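# Observations on chain architecture
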Amino acid sequence: MSESSIAPALIDWHASQGRHDLPWQSDRTPYRVWVSEIMLQQTQVATVVPYYTRFMQRFPDVRALADAPIDDVLHLWTGLGYYARARNMHRSAVRVRDEFGGRFPQTFEEIASLPGIGRSTAGAILALSLKQRFPILDGNVKRVLARYFGVVGNAAERAVSERLWEFAEACTPRMQVDVYTQAIMDLGATVCTRRKPLCAYCPLATSCVARLTGRQHELPSPRPARVRRSRQVFMLVAMREDGSVLLERRPESGVWGGLWCLPEFEDTTAACSYIAQALQTAQSEPRALGRVEHAFTHFDLVITPLLTHCVGHAGVMDAAQSVWYNTREPARIGLPAPIKILLEDFASPTLFAGRAAG
Ligand code: SF4
């Protein structure tokens, strides 16, 4: 099978075996495709669907997204992870409103100039929503092409990536580019999967190099393994008598950038000194609660919550970057998933008693 015959085989396969009822497949505007492509980065379709549906109800067009406070956007993103994606989407929406008159741009250069949109995402937006011929090379497509053409080496290496882009370009058809683009993404997600590719059901099986040479599990070549780190932090649960808990907005850069979180410290000494300086009305000796672990891509975060009770109506030094969050009447703000779960425990006296004993 030559490069030019891949598209017809995939388009045929897609008619009977591809996915046709995902929420972003109806009314395919550049805005709707853009939101889906960003959400699908590093995230499974099944996880994305309810987030996408809620997001579209709240922000049906790019203007609604641009006009919304960032906290509303991060709130709807809570639990989806990789929060830089949400911040970049909001920045992009503001630029579309202010620089493009509220109309999502329709050229590759303009789309790729927006924050958080790389070559593959820009290509997918144009191919899927406007049927413009641009190749894509997301994780699923990289895997299909690396196996089919027998490309050895990790895609993070420049030469390998360039080779894969050449194949992506050569395979992209002039006609039905939207169907082909969806088809190759679907094939990677449902048939040419990372662990157990279903070669017997694959329309490319007869000429796939990986299959013919029995190297499906060697291709694409894996990244060199990294040593997984573990990071220990302490987070202060400063609770007022009304049940509200102090949260601070995290810096834009770094883990959970821009989200609201419990104040974080390297050790208990730093936490105690913060209590003495910023929360004069709190108990000086915080009590350690059961640890919470959260896995990021490259490291594990181990959080020890430190509970302290504030007497009266305690204030804080930096009111602009702090909020007293009432766990029984939660505000619509962006919270990291493990912090949201921890705060939900505090809203339940029974659960809280159990955690405090741990
Ligand atoms: S034959 Fe197997 S390895 Fe090759 S593209 Fe199809 S599913 Fe992937």
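All of these numbers come straight from a predicted model, not from anything done at the bench. (Residues numbered from 1 in each chain as written. Predicted model: local features only at pLDDT ≥ 70, side-chain atom pairs only at ≥ 80, totals over all residues. Heavy atoms only, no water.)

### Comments concerning the overall build of the chain
For the chain, the count of helices and strands is 15 helices and eight strands. Reported as C-alpha extents along the three principal axes, the dimensions of the chain are approximately 75 × 50 × 35 Å. In the chain, buried positions account for 49% of the 358 residues. Across the chain, the fraction of contacts at a sequence separation of at least 24, relative to all contacts at a separation of at least 6, is 65%. Taken as a whole, the chain presents about 17300 Å² of accessible surface, with 53% of it coming from carbon and sulfur. Computed over 40 positive and 35 negative side-chain charges, the separation of the two mean positions in the chain equals 5 Å. (Helix = DSSP H or I, 4+ residues; strand = E, 2+ residues; numbered from the N terminus. Buried < 20%, exposed > 50% of the residue type's maximum accessible area, 1.4 Å probe, protein only. Contact = heavy atoms within 4.5 Å. Areas by Shrake-Rupley, 256 points an atom, 1.4 Å probe, with all protein chains shown as cover. Lys, Arg positive; Asp, Glu negative; His and termini not counted. Charge placed at Lys NZ, Arg CZ, Asp CG, Glu CD.)

### Quick word on the confidence of the model for the chain
Residues with a pLDDT of 70 or more make up 93% of the chain, whose mean pLDDT is 90. Low pLDDT, under 50, characterises residues 351–358; the predicted model gives this stretch 15 contacts beyond four residues in sequence or across chains. (pLDDT = per-residue confidence, 0-100.)

### Considering helix H5 (residues 70–77)
Counting buried positions along H5 yields six of eight residues, so the element is predominantly enclosed. Those residues of H5 that fall on the buried side of the exposure criterion are Asp-71, Asp-72, Val-73, Leu-74, Leu-76 and Trp-77.

### A few points about the domain arrangement of the chain
The domain architecture assigned to the chain consists of domain 1 (3–212) and domain 2 (229–357). Centre-to-centre, using C-alpha coordinates, domain 1 lies 37 Å away from domain 2. Taken residue by residue, the interface counts twelve residues in domain 1 and 16 residues in domain 2. Where domain 1 abuts domain 2, roughly 1100 Å² becomes buried across the two surfaces, and 47% of that area is made up of carbon and sulfur atoms. Among the residues domain 1 hides against domain 2, the three largest losses belong to Asp-71, His-75 and Arg-87. Together they make up 43% of the total. Between the two partners, domain 1 and domain 2, sit three salt bridges. The salt bridge involving Asp-71 is made with Arg-249; its shortest N-O contact spans 3.1 Å. Broken down by secondary-structure element, the contributors of at least two residues to the side of domain 1 that touches domain 2 are H5 and helix H6 (84–99). (Domains from an automatic or database assignment. Buried area = accessible area lost by both parts, 1.4 Å probe. Salt bridge = Lys/Arg side-chain N within 4 Å of Asp/Glu carboxyl O.)

### Looking at the pattern of salt bridges
Using the criterion set out here, one finds 17 salt bridges in the structure. Here Arg-231 and Glu-264 are joined by a salt bridge, their closest N and O atoms 2.8 Å apart. Residue Arg-231 is found in strand S1 (residues 229–239), and its partner Glu-264 is found in strand S4 (residues 264–265); the two are separated by 33 residues along the sequence. Looking at Glu-264, the relative accessible area reads 25%, which means it is partly exposed. Note that Glu-344 and Lys-340 form a salt bridge whose closest N and O atoms lie 3.5 Å from each other. Here the residue Glu-344 and the residue Lys-340 both occupy positions in helix H14 (residues 337–347), the gap between them amounting to four residues, near one helical turn. Taking relative accessible area as the criterion, Glu-344 reaches 45% and is therefore assigned partly exposed. On the basis of relative accessibility, which here comes to 34%, the residue Lys-340 falls in the partly exposed class. If you follow the salt bridges from partner to partner, you end up with Asp-67, Arg-97 and Asp-98 in one network.

### Remarks on the packing of aromatic side chains
The tally for this structure, following the rule as stated, stands at eleven aromatic pairs. Between the aromatic rings of Phe-55 and Phe-59, the centroid separation amounts to 4.9 Å while the plane-to-plane angle is 65 degrees, which identifies the pairing as edge-to-face. Taken together, a centroid distance of 4.9 Å and an interplanar angle of 85 degrees make the contact between Tyr-148 and Phe-149 edge-to-face. Relative accessible area serves as the criterion here: at 3%, Tyr-148 is assigned to the buried category. Overall, the relative accessible area of 19% leaves Phe-149 in the buried class. Through a chain of ring-to-ring contacts, the aromatic side chains of Tyr-31, Trp-34 and Phe-104 assemble into a single cluster. In this structure, Arg-54 is placed above the aromatic ring of Tyr-51, and the distance from its NZ or CZ to the ring centre is 4.9 Å. The lysine or arginine in question, Arg-119, covers the ring of Trp-165, its NZ or CZ lying 3.6 Å from the ring centre. (Phe/Tyr/Trp six-rings, centres within 6.5 Å; stacked < 30°, edge-to-face > 60°. Lys NZ or Arg CZ within 6 Å of the ring centre and 35° of its normal.)

### A word on the packing of H5 against H6
Helix packing for two helices is described by the angle between their axes and how far apart those axes are. The geometry of H5 relative to H6 is characterised by a closest axis approach of 10 Å and an angle of 140 degrees between their N-to-C directions. Taken as axis vectors, H5 and H6 run oblique relative to one another. Here H5 runs over H6; the crossing is right-handed. Residues Ile-70, Val-73, Leu-74 and Trp-77 of H5 lie in contact with H6, whose contacting residues are Arg-85, Ala-86, Arg-87, Met-89 and His-90. The residue inventory of the contact of H5 with H6, partitioned by class, reads six nonpolar, one polar and two charged. (Axes fitted to C-alpha atoms, helices over the stretch in contact; angles between N-to-C directions. Parallel < 35°, antiparallel > 145°, perpendicular 65-115°, else oblique. Left-handed = near helix turned anticlockwise from the far one by under 90°. Nonpolar A, V, L, I, M, F, W, Y, C, P; charged D, E, K, R; others polar.)

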